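# Structural description and commentary
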Amino acid sequence: MKALAPVGNVVLVVVDIQGGGDPDTHSVGLGYMAGRPERNARAVDLVAAFRDKGVPVVFIQEVHKPSLVDIGRELDGAEGPHCLEGARGTELHPGLDPRPEEYLIRKRRYSAFFGTELDLVLRGYRAETVVLVGGMTDVCIHYTAVDAHQLGYRVRVVTDVVLGSGEELHRAALRAMARLQDGALVSRAEVTDWLAGVPAGAETGR
């Protein structure tokens, strides 16, 4: 992952990998392309690898009140009610439980930046590059990547650790994000290769 090395501190942002371990619950109101269990397992492994090297991890969780007072226009399209507070399907996937020193940021809109403290947290880490994994590629990952780009961050989307609402929508979103920045799309293998060169406990890029 050569594109990451010269661009300062790196933070892994895990976007909306929810479901509480039940493959059906988080899918209520949402459609997913095939491969969700495999994506979740890769995300758990990648989080562990980042932690082993002391590279910060931030977790994002979409949550809405059962009254849907905070869901905005999310129901205007193909989606039904989802990520309701207190529902098992809204819980993070097992193995992605934030540690006490890590941030869990709850959001009410697609972008992990919109109306949240994510930018403040990333500035605290002096992040220059954000690595995105999670879902959905064509919705929350795409919107988060666009906002990160507009806020001045370099973006790396791990293409085999994100999942879209459909195969074509997934691919179209990846193409759109690739147009934002050179090197925006990376593989898990490239990220792992980059991590291998980071000294344990190092503050990347400083």
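Structure: above.
In this report, we go over the structure that sits alongside the text. (Residues numbered from 1 in each chain as written. Predicted model: local features only at pLDDT ≥ 70, side-chain atom pairs only at ≥ 80, totals over all residues. Heavy atoms only, no water.)

## A few points about the environment of His 82
Going by this rule: Elements are defined by DSSP. Helices are runs of H or I of four residues or more, strands are runs of E of two residues or more, and each kind is numbered from the N terminus. The rule is simple: take the accessible area with a 1.4 Å probe, protein chains only, and divide by the maximum for that residue type; under 20% is buried, over 50% is exposed, in between is partly exposed.
Mapped onto the fold, His 82 is located in the loop between strand E2 (57–62) and strand E3 (103–107). You can call His 82 buried: its relative accessible area is 3%. Distance in space between the C-alpha atoms of His 82 and Lys 65 is 9.8 Å, their sequence separation being 17 residues.

## As for the pairing of E2
The condition that has to hold: A pair of strands counts as paired when DSSP detects no fewer than two bridges linking them.
With 6 of 6 residues buried, E2 lies mostly within the body of the structure. Judged by which residues are buried, E2 turns out to be covered on both faces: Val 57, Phe 59 and Gln 61 on one side and Val 58, Ile 60 and Glu 62 on the other are all buried. Bridge count for strand E1 (residues 9–15) against E2 is 4 bridges, and the pairing is parallel. Bridging from a neighbouring strand, Val 15 pairs with Ile 60 of E2. Both E2 and E3 contribute to a ladder of 5 bridges, which runs parallel. Within E3, the residue paired with Ile 60 across the bridge is Ile 105.

## Some remarks on the packing of aromatic side chains
Applicable threshold: Any two of the Phe, Tyr and Trp rings considered here, Trp counted by its six-membered ring, make a pair once their centres fall within 6.5 Å; the pair's planes then place it as stacked at under 30 degrees, edge-to-face at over 60, or tilted in between.
One pass over the structure, following the stated rule, counts 4 aromatic pairs. Taking the centre distance of 6.2 Å and the plane angle of 45° together, the rings of Phe 50 and Trp 194 count as tilted. Highlighted residues: Phe 50 in helix H1 (residues 36–52) and Trp 194 in helix H5 (residues 188–196), separated in sequence by 144 residues. Classification of Trp 194 as buried rests on a relative accessible area of 10%. For the pair Phe 113 and Tyr 153, a centre-to-centre distance of 6.1 Å together with 25° between the ring planes defines the contact as stacked.

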